[in-house]
Structures are given as structure tokens and as C-alpha cells.
Amino acid sequence: MASGIERVEDGWDVRSMRGVGISEVTVGTMIRLHIGPDGIEVHSPAELMADAESHQVHARPRINVGKVTQLLDQVVAEVHAADSGVLGVRFASGWQLTVPVASDAFGWVVAVRGQYFIGSKPGGGVGFSDQRRVS
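Draft legend 1. Structural context of the environment of K67. Mapped onto the elements, K67 comes out in helix α1 (residues 65–69). A sequence separation of 19 residues divides K67 from L48, and the C-alpha atoms of the two residues are 8.3 Å apart. Beyond its immediate sequence surroundings of up to four residues, K67 is in contact with L48, A50, H55 and W95.

See the structure below:
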């Protein structure tokens, strides 16, 4: 796709984020990672593997958000959205953020240049949209 989101065997790779550092981390009702002109929103609980330790992270009810802020300046090596709805973000440092499928909500949304959106669907799968809400 011209958007920087490319189909691969088991899902979708967001290639426009490769080699770009996290320029801003925002924690509010969700976790937002700004990656150049692109971004990732994490709405559900996630797992952050950092220095061979697993940390459950979630914006609400504020679980390990201090660890999430350490993603600032981390360089993205790969962003992969599996057909199942699981999002994996691997960093050059070896850290990895994994957002599993949420059974009853949208778990994550990836925005490319603010005009192409890919996200998990409640219960699994991946949807696309030109608006923030993925259908």
C-alpha cells in the first residue's frame, strides 16, 4: 500500500515506522506513542518486555505507566499487526510491546500520517479506515 502499511503472510507490517524514534509518550485514558508523523494508541492492557522482564502496562488503572514512559526515544524496528488482531512493536533495543486481542473493545489503533488507520476489532481481526474509528 502507498500508505506504508504492507500485507505480509500473517498480517500487516507498518513499514513507515521502521527506524524512527518515539518522539512523545502520552498516558491519559490510553497510551499514545508518537513516531514521526505516525502514531500508535493502546486502549487495552498490553505487555512490555524490557531487559528480559515482562511488565503488564495499562493506562487505566495506571499499571506500570512509568515503564511505558521509558519508550521515549526508543527506535522502532518493526510494527506488525497479525491477522488475529495482536499488535507487536519491536524496538532496536530489543524491547517489545505486545497488545493482545481485546474481547469486547478496540485494543489498539495505528495511524499513518494521520490519514490511514489500522486497528484491532473487538474479539479479534484487523480493520482499516480513513477515520480514527476502525470498522
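Draft legend 2. Local environment of unusual backbone geometry. A cis amide bond links R60 with the next residue in sequence, P61, at an omega value of 20°. Note on placement: P61 falls in the loop between β7 (53–57) and α1. Despite not being glycine, D51 has its phi angle at roughly 55°, a positive value. Locating D51 in the fold gives a position in the loop between β6 (46–50) and β7. A positive phi angle, near 60°, is found at R62, a position not held by glycine. Within the element layout of this structure, R62 appears in the loop between β7 and α1. Residue R62 is classed as partly exposed on the basis of its relative accessible area, which comes to 48%.

Draft legend 3. Molecular detail of the pairing of strand β4 (residues 31–35). Alternating residues of β4 divide into I31, L33 and I35, all buried, and R32 and H34, none buried. Here strand β3 (residues 22–27) pairs with β4 via 5 bridges, running antiparallel. Across the sheet, the residue bridging to V27 is I31, located in β4. In this structure, the hairpin formed by β3 and β4 is closed by a connection of 3 residues. Alignment of β4 against strand β5 (residues 38–42), held across 5 bridges, turns out to be antiparallel. Within the sheet, the bridge partner assigned to L33 lies in β5 and is I40. With antiparallel pairing between neighbouring strands as the criterion, β4 and β5 make up a hairpin whose turn holds 2 residues, including G36 at a positive phi of roughly 60°.

The rules behind these values
- Residues numbered from 1 in each chain as written.
- Predicted model: local features only at pLDDT ≥ 70, side-chain atom pairs only at ≥ 80, totals over all residues.
- Heavy atoms only, no water.
- Helix = DSSP H or I, 4+ residues; strand = E, 2+ residues; numbered from the N terminus.
- Contact = heavy atoms within 4.5 Å.
- Buried < 20%, exposed > 50% of the residue type's maximum accessible area, 1.4 Å probe, protein only.
- Pairing = 2+ DSSP bridges.

Structural measurements only, silent on function.
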